[in-house]
Amino acid sequence: MSKMRLRFAPSPTGALHIGGIRTALYDYLLAKKHGGTFILRIEDTDQKRYVEGAEEYIIDALKWCGLEPDEGPGIGGDYGPYRQSERREIYQKYIKVLLDGGHAYYAFDTAEDLDAMREKVKAEGKHTFQYDASTRMQMKNSLSLPENEVKVLLENGAPYTIRFKMPESQTVTINDLIREEVTFSTDDLDDKVLMKSDGLPTYHMANVVDDHLMEITHVVRGVEWLPSTGLHVLMYRAFGWEDTMPRFAHLPLIMKPSPSSYINKKTKEEFAEKFSGEFLRSHDSDFKMDEVKKIAQMVFNNPKDIQSQLKIGKKDDEKKQAVKGFLKDAMYGKLSKRDGDRLGFPVFPLSWEGKSEDDSFVGFKEMGFDPDAVNNFLVFLGWNPGTEQEIFSMDEMIDAFSLERVGKSGAAFDYVKARWYNQQYLMKKDNSTIANELDVLLSEKGMGAHDDFLQGVAGMMKERVHFMPEILEDGYYFFEPVKSYDDKTIQKRWNPERKDKMDALANLIKGIPSFDAGTIETAIKQFMEDNELGFGDVFPILRLAVSGTTQGPSVFDIMALLGQDEVGQRMDTAYQYFDEVKEKV
Ligand code: GLU
């Protein structure tokens, strides 16, 4: 078999959705597994949808994920240019092949002509208008008009598109690597525009020509492109390229998280409020917040059974039907940016600052995700290894991945799982790596610490957080004085009757000759025994004094890392505060 060549072919129409990264990941894994080539092709022929900065975003996102292409814009390769806007002449040459072979034709219909035809068809009560074998002779094109007239129109520079001449009553079957046999009837397909009036190709034209010229062997893409594949196959045929046509693999959709993963007894009120607010923003003022919320509350009342609550009942009035319909669309179906906003998770790899707030968001990277964890999480959105293994290094993924184990049905996005992956990867990192990353985060805040100290913090905190920045949030007390103490614990545990003993304990700690965790522990425990103090009398107080909280790593480890002087000072400050709190009551 010839060397595998796979392309990731995004359009620079905005930030790249995480689903795009999954496609790129699958392409990358297959290319690496089979010693093939991973290509980035920028499909930027739709000028109207082009967004400044989107190409850079795509390249940066792939880089961050470690999915670096072997060929692509700015990288080079023997099949360039890799930006479709730089390949205009190529498409001009190949559209001629289709025109000359009678597989494509010029269409001179204006937007008004097409609208008029749509209206006419509607008035006749027929199904919607489709530009195809049954209608094309009634339209204004090089098949319906006399040759002379076509010549004159072309010579006079009349605007035209070029359409594919879809054959009548044929079936096209592909053997999709994920979906197996898929059959299309050409009667369901229309005469798609291949070249637009601006002289640029449409997606179909550029995509097929480039996949051929770039010798792509496997087209791996989202299932939303499956309906176009019938046309693509017919185009390969028309060009005479069917022998070397790529194999197709259409990936499952990435779906919204299951409502049961976020609606529960605790959160149902909050979400009833959120969804109602969203509903009201997108509907007219006929609806009142109270009534919308009541319907949402009713639906969420049994979080395990939301789907059946959303069924439209015979007695449901129009309003109820509208709210239920809205909730159904908002909670089920394809994952969207909206879901990320609503549920507070990223749906894009990197942050993006668009023109409006609606088009701006925080990415996985900026939320503190490790790219390896993101890849590991993403590979499971559609694929499974058939074993219990959940953690895969990139090499292991390359080894284990195959399209045979990619499913057909949608894969639900599960943010809890994404966080879990990040935690697993954080725990696996060695302390010196984490220390380096903490150093960067600290210097962004104008702070700093010694490497040994940072490694110590890393070792103590990495199992307690999901994200690197949380180490600095939850463990801020390693770098700054304690900001606040938990007053409830003070009330319960700071006993003035034991004041003398607690002072003695503070003095003992200040005088421990070798301030390592083991010695501190032995000394404190010995003191407790000698003074008949229990764990509950001492540890909550010590924890509060050094960190302000009763949660966190071992208090002996914290003390040892902070050092004797610092701990001594913190105990003095804390004791004074504890006395004040107690006096207030
Ligand atoms: N440009 C298309 C997209 O944005 C590519 C689809 C394909 O891979 O054929 O998804």
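Quick look at the structure, then. (Residues numbered from 1 in each chain as written. Predicted model: local features only at pLDDT ≥ 70, side-chain atom pairs only at ≥ 80, totals over all residues. Heavy atoms only, no water.)

### A short note on the overall build of the protein chain
Across its full length, the protein chain holds 24 helices and 13 strands. The C-alpha atoms of the protein chain give a radius of gyration of 32 Å, which is well past the 25 Å a tight globule of 585 residues would have. Projected onto its principal axes, the C-alpha coordinates of the protein chain cover approximately 110 × 65 × 45 Å. Within the protein chain, the fraction of its 585 residues that count as buried is 48%. (Helix = DSSP H or I, 4+ residues; strand = E, 2+ residues; numbered from the N terminus. Rg over C-alpha atoms; globule rule 2.2 N^0.38 Å. Buried < 20%, exposed > 50% of the residue type's maximum accessible area, 1.4 Å probe, protein only.)

### Some details on the nonpolar core
Note that soluble globular proteins tend to have their nonpolar side chains buried in a common cluster. Of all hydrophobic cores here, the largest spans 59 residues; its most connected members are Tyr26, Leu67, Phe401 and Phe413. Among the secondary structure elements, those contributing two or more residues to this core are β1 (5-8), α1 (18-33), β2 (37-40), α2 (54-64), β9 (247-251), α13 (371-379), α14 (394-400) and α15 (415-428). With residues near it in sequence (within four places) discarded, Phe413 still touches Ile18, Ile254, Met255, Lys256, Pro257, Leu335, Phe345, Pro346, Phe364, Phe377 and Leu381. (Core = buried A, V, L, I, M, F, W, Y, C linked by side-chain atoms within 4.5 Å. Contact = heavy atoms within 4.5 Å.)

### Some details on the site of the ligand
In the vicinity of the ligand, the contacting residues are Arg7, Ala9, Pro10, Ser11, Glu43, Tyr203, Asn207, Arg221 and Trp225. Side-chain polar atom of Tyr203 to an oxygen atom of the ligand: 2.8 Å apart, as the coordinates give it. Contact between the ligand and Arg221: an oxygen atom at 2.9 Å from a side-chain N or O atom of the residue. When the ligand is considered free in solution it has 300 Å² of accessible area, and contact with the protein chains removes 83% of it. Here the shell around the ligand is built from residues that sort into 4 nonpolar, 2 polar and 3 charged. (Near = heavy atom within 4 Å. Polar contact = N/O pair within 3.5 Å; in protein donor to acceptor, adjacent residues only side chain to side chain. Areas by Shrake-Rupley, 256 points an atom, 1.4 Å probe, with all protein chains shown as cover. Nonpolar A, V, L, I, M, F, W, Y, C, P; charged D, E, K, R; others polar.)

### Some details on the packing of aromatic side chains
Applying the stated rule across the entire model yields 43 aromatic pairs. What links up through ring pairs into an aromatic cluster is the set Tyr26, Phe380, Trp383, Phe392, Phe401, Trp420 and Tyr421. Here the guanidinium or amino end of Arg5 rests over the ring plane of Tyr79, the centre of that ring lying 3.7 Å away. Directly above the ring of Tyr425 sits Lys428, whose terminal nitrogen or CZ lies 4.4 Å from the centroid. (Phe/Tyr/Trp six-rings, centres within 6.5 Å; stacked < 30°, edge-to-face > 60°. Lys NZ or Arg CZ within 6 Å of the ring centre and 35° of its normal.)

### Re the pattern of salt bridges
Taken as a whole, this structure holds 30 salt bridges when the rule is applied. In this structure, the salt-bridge partner of Asp316 is Lys324, at a minimum N-O distance of 2.8 Å. You can call Lys324 buried: its relative accessible area is 5%. Salt bridges here are not isolated pairs; linked through shared partners, they connect Arg7, Arg41, Glu43, Arg87, Asp210 and Asp211. (Salt bridge = Lys/Arg side-chain N within 4 Å of Asp/Glu carboxyl O.)

### Side note on α13
Because the α-helix completes a turn every 3.6 residues, residues three or four places apart line up on one side. Of all 9 residues in α13, 8 are buried; the element is thus mostly enclosed. Listed as buried for α13 are Pro371, Ala373, Val374, Asn375, Asn376, Phe377, Leu378 and Val379. Turning to α13, the residues buried within the fold contact α1, α2, α14 and α15. Near the N-terminus of α13, the side chain that reaches the backbone nitrogen of Asp372, with its oxygen 2.8 Å away, is that of Asp370.

### Description of the side chain of Asp27
On the secondary structure map, Asp27 appears in helix α1. At 5.7 Å, Arg7 is the nearest oppositely charged side chain to Asp27, a buried residue that forms no salt bridge. Residues in contact with Asp27, not counting those within four places in the same chain, are Leu6, Arg7, Phe8, Phe38 and Val220. (Lys, Arg positive; Asp, Glu negative; His and termini not counted.)

### Description of the sheet that holds strand β7 (residues 193-195)
With antiparallel pairing, 3 strands are arranged side by side in an open sheet as β3-β4-β7. What marks the edges here is a single partner per strand, and that holds for β3 (104-107) and β7. Here the average twist between neighbouring strands, direction ignored, is 45°. Note: strand β4 (residues 161-164) against β7, 2 bridges, orientation antiparallel. Bridging across to β7, Ile162 finds its partner in Met195. (Pairing = 2+ DSSP bridges. Axes fitted to C-alpha atoms, helices over the stretch in contact; angles between N-to-C directions.)

### Considerations on the pairing of strand β8 (residues 218-222)
With 5 of 5 residues buried, β8 lies mostly within the body of the structure. Following the backbone out of β8, through helix α7 (residues 226-239) and into the adjacent parallel β9, one traces a crossover that is right-handed. (Right-handed = clockwise from strand over helix to strand, strands pointing away.)

### Description of unusual backbone geometry
A cis amide bond links Gly80 to the next residue, Pro81, at an omega of -5°. Structurally, Pro81 is set in the loop between α2 and α3 (88-100). In this model, Glu180 sits at a positive phi of 60°, which is unusual for a non-glycine residue. Relative to the helices and strands, Glu180 resides in strand β6 (residues 180-185). The phi dihedral of Glu215 falls on the positive side, at around 55°, and the residue is not glycine. As for its position among the elements, Glu215 is in the loop between α6 (203-213) and β8.

### Concerning the pairing of β1
Of the two faces of β1, the one holding Arg5 and Arg7 and the one holding Leu6 and Phe8 are both buried throughout. Looking at chain direction, β1 and β2 are connected through 4 bridges and run parallel. Bridging across to β2, Arg5 finds its partner in Thr37. Of the crossover connections in this fold, the one passing from β1 over α1 to the parallel β2 is right-handed.

### So, the packing of α13 against α15
Two numbers describe a pair of packed helices, the interaxial angle and the distance between the axes. With their axes 8 Å apart at the nearest point, α13 and α15 run at an angle of 135° to one another. One way to sum up the angle between α13 and α15 is to call them oblique. When the axes of α13 and α15 are compared, the crossing they make is right-handed. In this structure, α13 uses Asp372, Ala373, Asn376 and Phe377 to contact α15, whose residues at the interface are Lys417, Ala418, Tyr421, Asn422 and Tyr425. For the contact of α13 with α15, the residue count by class is 5 nonpolar, 2 polar and 2 charged. (Parallel < 35°, antiparallel > 145°, perpendicular 65-115°, else oblique. Left-handed = near helix turned anticlockwise from the far one by under 90°.)

### Details of the packing of helix α21 (residues 517-530) against helix α22 (residues 535-547)
Contact geometry of α21 with α22 gives a least axis separation of 10 Å together with a crossing angle of 140°. When the interaxial angle is binned, α21 and α22 end up oblique. Read as a crossing pair, α21 and α22 show a hand that is right-handed. Of the residues in α22, those in contact with Ile524, Lys525 and Met528 of α21 are Phe535, Val538, Phe539 and Leu542. Of the residues contributing to the contact of α21 with α22, the split by class is 6 nonpolar, no polar and 1 charged.

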